[in-house]
Amino acid sequence: MRNFLYLLSVLVLLVSCNTENKQIQYTVTVSVDTLIDGKAFLQKRENGEWKKIDSVAVLKGKFSINGVLNYPEMHYLYIENLKKYIPVFLDEGDIQVSYYKDDASATSIKGSTAQLLYDKFRTEMNTYDEQLRVIYKEYRSAKNSGLTEIQDSLSGQMDEIYKKQQQYVKNYAFKNNKDVSVPYIAYSNSYSWSVEEMDSIVSHFDPALHASPSYKLLVKRITVLERVAIGQPLVDFSMKDTSGVEVMLSEVSKGKYMLVDFWASWCSPCRAENPNIVACYRDYHHKGFDVLGVSFDKDRDKWMKAIHSDSLHWNHVSDLKYWNNAAGKLYGIRSIPSSILLSPEGIIIEKNLRGEDLRAKLEELVGSKK
């Protein structure tokens, strides 16, 4: 793996040097089916935040933006008065966007090769998304009615569809290894992939894709996840607790089985998992088990309220930077709840243990709760 990543870094450097001066010129012309005036912005997601690239006046539902970029990338047009985002895969040439206010699915985007390739991928993805939407609606109804057995059955169905959807993404990325949209597709869906899965796909990409910003993010993610794989020593960090005191992971975890729990007050699955962690903490804390909560919150009051409401009686830290949480980046966290379990020697021994799986592992490690 190290040799592979070394070769990748060399390839990225070579491609970057060869393409450094090549720029793609684009023009995006937008027509909205509503005669509105106001302002529109061209934006992209960068490090979990919106970055504004350009802005322009909207006159009677029409506007145009032009510029240059180094590689085809996904961007978003934000129409201020409609409060709507239009995803557009920018590519070289003249791109025409026809947007329908009351039916976003009817939006037409022409003139972008990258968009055409991306739309091809999304056609199949939409079939899985629709299946998940239908079942989730039934799931919510069953949950509200207290029908636990039906709820569990529907949850299982959603898991199966999700697995098929992820397999489709992996197969698509592997087979279409020359399409400029594929690095973005792979990175956008890789949050639950293993290092080995990402490795097999990234190493199969055509060298022409190595200039893609998403390709570079995938390579970086592989490097991060290798560093925090099971069997590796913890990657240390310090962060302020609820009282503003710096807490260092290596210090508070020393000599304990420590669950580092990445969560947030706004994360429903996190809040649903909290009672399981509370129960394990109550039963195994006296035997050397502890928890460090790392919050992806950005509102301190909501973070504090959730800690008290859920009775989370252990150390908590946060930099209140949402998805840009520094500890989350060190551990490659792209979805929550996520967790790592450390040995008393500071070695990562498990990841993402939830519910009975966490309890079973603790019993294996420290014995019965009695």
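Just above sits the structure.
Residues numbered from 1 in each chain as written. Predicted model: local features only at pLDDT ≥ 70, side-chain atom pairs only at ≥ 80, totals over all residues. Heavy atoms only, no water.

### Re the overall build of the protein
Here is step 1: Secondary structure summary: the protein contains 11 helices and 15 strands in total.
Here is step 2: The C-alpha extent of the protein, read off along each of the three principal axes, is 70 × 55 × 40 Å.
Here is step 3: With 370 residues in all, the protein has 45% of them scored as buried.
Here is step 4: Of the roughly 19,400 Å² that the protein leaves accessible, carbon and sulfur atoms contribute 51%. (Helix = DSSP H or I, 4+ residues; strand = E, 2+ residues; numbered from the N terminus. Buried < 20%, exposed > 50% of the residue type's maximum accessible area, 1.4 Å probe, protein only. Areas by Shrake-Rupley, 256 points an atom, 1.4 Å probe, with all protein chains shown as cover.)

### Some details on the nonpolar core
Here is step 1: Counting residues in each nonpolar core, the largest one holds 81 residues, and the members touching the most others are Phe205, Phe237, Phe262, Phe289, Leu292 and Tyr331.
Here is step 2: At 9 residues, the largest contribution of residues to this core is made by helix H2 (residues 113-144).
Here is step 3: Residues contacting Leu292, with those up to four places away along its chain left out, are Phe237, Val247, Leu249, Val252, Met258, Leu259, Val260, Asp261, Asn315, His316 and Val317. (Core = buried A, V, L, I, M, F, W, Y, C linked by side-chain atoms within 4.5 Å. Contact = heavy atoms within 4.5 Å.)

### Some remarks on the side chain of Gln151
Here is step 1: With respect to the helices and strands, Gln151 occurs in helix H3 (residues 148-175).
Here is step 2: At a separation of 3.3 Å, a polar atom in the side chain of Gln151 contacts the side chain of Tyr139.
Here is step 3: Residue contacts for Gln151: discarding those within four places in its chain leaves Tyr139, Ala142 and Lys143. (Polar contact = N/O pair within 3.5 Å; in protein donor to acceptor, adjacent residues only side chain to side chain.)

### A look at the layout of surface pockets
Here is step 1: Considering only enclosed or pocket space, the second largest pocket measures out at about 500 Å³ in volume.
Here is step 2: In terms of lining residues, the second largest pocket is bounded by 16 residues, among which Pro87, Ala104, Ser105, Thr107 and Asp119 are the most central.
Here is step 3: Secondary structure elements with two or more residues in the lining of the second largest pocket: strand E6 (84-90), strand E8 (108-110) and H2.
Here is step 4: Among the elements that make up the lining of the second largest pocket, the one with the highest residue count is H2 (6 residues). (1 Å grid on protein atoms, 1.4 Å probe; cavity = no way out; pocket = protein on both sides within 12 Å on 5 of 7 lines; lining within 4 Å. Points joined across faces, edges and corners; volume = space filled by probe spheres on them.)

### Focus: the packing of H2 against H3
Here is step 1: Viewed as axis vectors pointing N to C, H2 and H3 meet at an angle of 170 degrees, and their least axial separation amounts to 9 Å. Relative to H3, H2 is oriented roughly antiparallel.
Here is step 2: Partitioning the contact of H2 with H3 into residue classes produces 17 nonpolar, 5 polar and 6 charged. (Axes fitted to C-alpha atoms, helices over the stretch in contact; angles between N-to-C directions. Parallel < 35°, antiparallel > 145°, perpendicular 65-115°, else oblique. Nonpolar A, V, L, I, M, F, W, Y, C, P; charged D, E, K, R; others polar.)

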